[in-house]
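Understanding the architecture of this molecule
Read off the chains here:
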Amino acid sequence: MRSDKLMGWRPLAVAMATGLLVSAGGAAHAQPAGAAKPYTVVNASFACQQTTCDAELWLPVQAANAPKPPVIIMAHGFGGLKDWGLQPFAERFVKAGFAVVRFDYRGFGKSGGQPRRVVDGKEHVKDWLSAIDNISQRADVDGQRLGIWGTSYSGGQVLVAGAERPAVVKAVSAQVPFVSGFSSSLRFPIKYQPLAGWYALRDMMRSDKEEPLYVPTIAKGEFSALICDECNEGYKKLVPAGVGEEENKVAARVFMTLPFFSPGSRAKDIKAPTLIVAAENDGLIPVGKVREVAKELAKGEYVELKGADHFSPYTGPLFEQVVAKQTAFFQKNLMGQ
């Protein structure tokens, strides 16, 4: 295990009447107007659990006789969509010669599935596994050189997916990863825990044919799913301009499921090289627990961003450091560079 210290997001803080929790996700960078794209985009939607997950595949521009590119699969964190800030990371990867797939979970964005906007780690993992199984078989990428990239809540999900598909996944990158529902639940304000439990129970009484009872993802100074010092401003910066308030919500049942989802427990089962990037001052995910999980990795590399909070890796100097580290990690493990 190698431990690096660089400098100082993703989703997560939660609650529940008896001890709940939550997480977060996302980032938004705009591409300069008129900038030439070093990739082509094709539809890569795939079947999952009797419906379809919306996905797109970015293929690097290369010579006709060039070998098929290795591929990196990406998805967002807590309540986030594939267009919410994954583009800057994806563009760096595709410029380095990788094909990149971004997808949305069932019930989110243009993906199928009912009910809508239900955050459920175990169900999201099923989407990850379907994505891996489908993309690895595509004729336009090298499925033998496949990596997965997750952030915040999805940063935990890729740990599970990597453990579940050891023969296919050759590299795992987890950014400010959600690793333990119990430890994260302790960050959720006690004063809101009874309300969280009440909303969750009411929502769970509804059938899948009924609209869920929603709670705000973020709400400054008020009850919401994500509550931390950096949550309100950090999360808002990740949401693209023009996205309405209708996307600032998640089904309240999340307060009952997140405390019991501990993807970090699968770290010891991952065979592939794994990079974990943590934030020293993460307000959603206790960094001490992330350090413990990193030590369980057989082929782990751990980077802790000094002075950083949960949303720091998405913008500014820290984005540059993080994406450079992740690109080099994938080059080493998928390209042999």
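Structural data are supplied above this passage.
Figured I'd write up the structure that's included with this text. Remember, it's a predicted structure, so these values are computed and weren't measured experimentally.

**Observations concerning the packing of aromatic side chains**
- Using the criterion set out here, one finds 20 aromatic pairs in the structure.
- Centroid distance Phe 98 to Phe 330: 6.2 Å. Interplanar angle 65 degrees. Geometry classified as edge-to-face. In this pair, Phe 98 sits in the loop between α1 (87-95) and β9 (99-103) while Phe 330 sits in helix α9 (residues 316-335), placing the two residues 232 residues apart along the sequence.
- Taking relative accessible area as the criterion, Phe 330 reaches 0% and is therefore assigned buried.
- Aromatic rings pair up to connect Phe 188, Tyr 192, Tyr 199, Phe 223 and Phe 255 into one cluster.
- One Lys or Arg, Arg 202, reaches over the ring of Tyr 199 and ends 5.5 Å from the middle of that ring.

**As for the pairing of strand β7 (residues 55-60)**
- Taken across its six residues, β7 has six buried, putting it largely inside the fold.
- Where burial is concerned, the two faces of β7 agree: the one with Ala 55, Leu 57 and Leu 59 and the one with Glu 56, Trp 58 and Pro 60 are both buried.
- Bridge count between strand β4 (residues 39-43) and β7: five bridges; the pairing is antiparallel. Within the sheet, the bridge partner assigned to Tyr 39 lies in β7 and is Pro 60.

**Some thoughts on the side chain of Gln 157**
- By the element assignment, Gln 157 lies in helix α3 (residues 153-164).
- A residue is classified by how much of its surface remains accessible, and Gln 157, at 0% relative accessible area, is buried.
- The contact partners of Gln 157, leaving out residues within four places of it in the chain, are Tyr 105, Gly 121, His 124, Val 125, Trp 128, Phe 261 and Pro 263.

**As for the side chain of Ser 152**
- Within the secondary structure, Ser 152 is located in the loop between β10 (142-151) and α3.
- At a separation of 2.8 Å, a polar atom in the side chain of Ser 152 contacts the side chain of His 310.

**Quick notes on the pattern of salt bridges**
- All chains considered together, the criterion is met by 20 salt bridges.
- As a salt-bridge pair, Arg 102 and Glu 56 come within 2.4 Å of each other at their nearest N and O atoms. Of this pair, Arg 102 sits in strand β9 while Glu 56 sits in strand β7, placing them 46 residues apart in sequence.
- Relative accessible area serves as the criterion here: at 3%, Arg 102 is assigned to the buried category.

**A short note on the state of the cysteines**
- Under the criterion given, the structure shown has one disulfide.
- Each disulfide pairs two cysteine sulfurs, and for Cys 228 the partner residue is Cys 231, the sulfurs being separated by 2.2 Å. The chirality of the disulfide connecting Cys 228 with Cys 231 is right-handed, given an S-S dihedral of about 110 degrees.
- Exposure remark for Cys 228: the relative accessible area of 17% places this residue in the buried category.
- Free cysteine Cys 48: the closest other cysteine sulfur is in Cys 53, separated by 4.7 Å.
- Among the residues examined, Cys 48 registers a relative accessible area of 2% and is labelled buried.

What counts and what doesn't
- Residues numbered from 1 in each chain as written.
- Predicted model: local features only at pLDDT ≥ 70, side-chain atom pairs only at ≥ 80, totals over all residues.
- Heavy atoms only, no water.
- Phe/Tyr/Trp six-rings, centres within 6.5 Å; stacked < 30°, edge-to-face > 60°.
- Helix = DSSP H or I, 4+ residues; strand = E, 2+ residues; numbered from the N terminus.
- Buried < 20%, exposed > 50% of the residue type's maximum accessible area, 1.4 Å probe, protein only.
- Lys NZ or Arg CZ within 6 Å of the ring centre and 35° of its normal.
- Pairing = 2+ DSSP bridges.
- Contact = heavy atoms within 4.5 Å.
- Polar contact = N/O pair within 3.5 Å; in protein donor to acceptor, adjacent residues only side chain to side chain.
- Salt bridge = Lys/Arg side-chain N within 4 Å of Asp/Glu carboxyl O.
- Disulfide = S-S within 2.5 Å.

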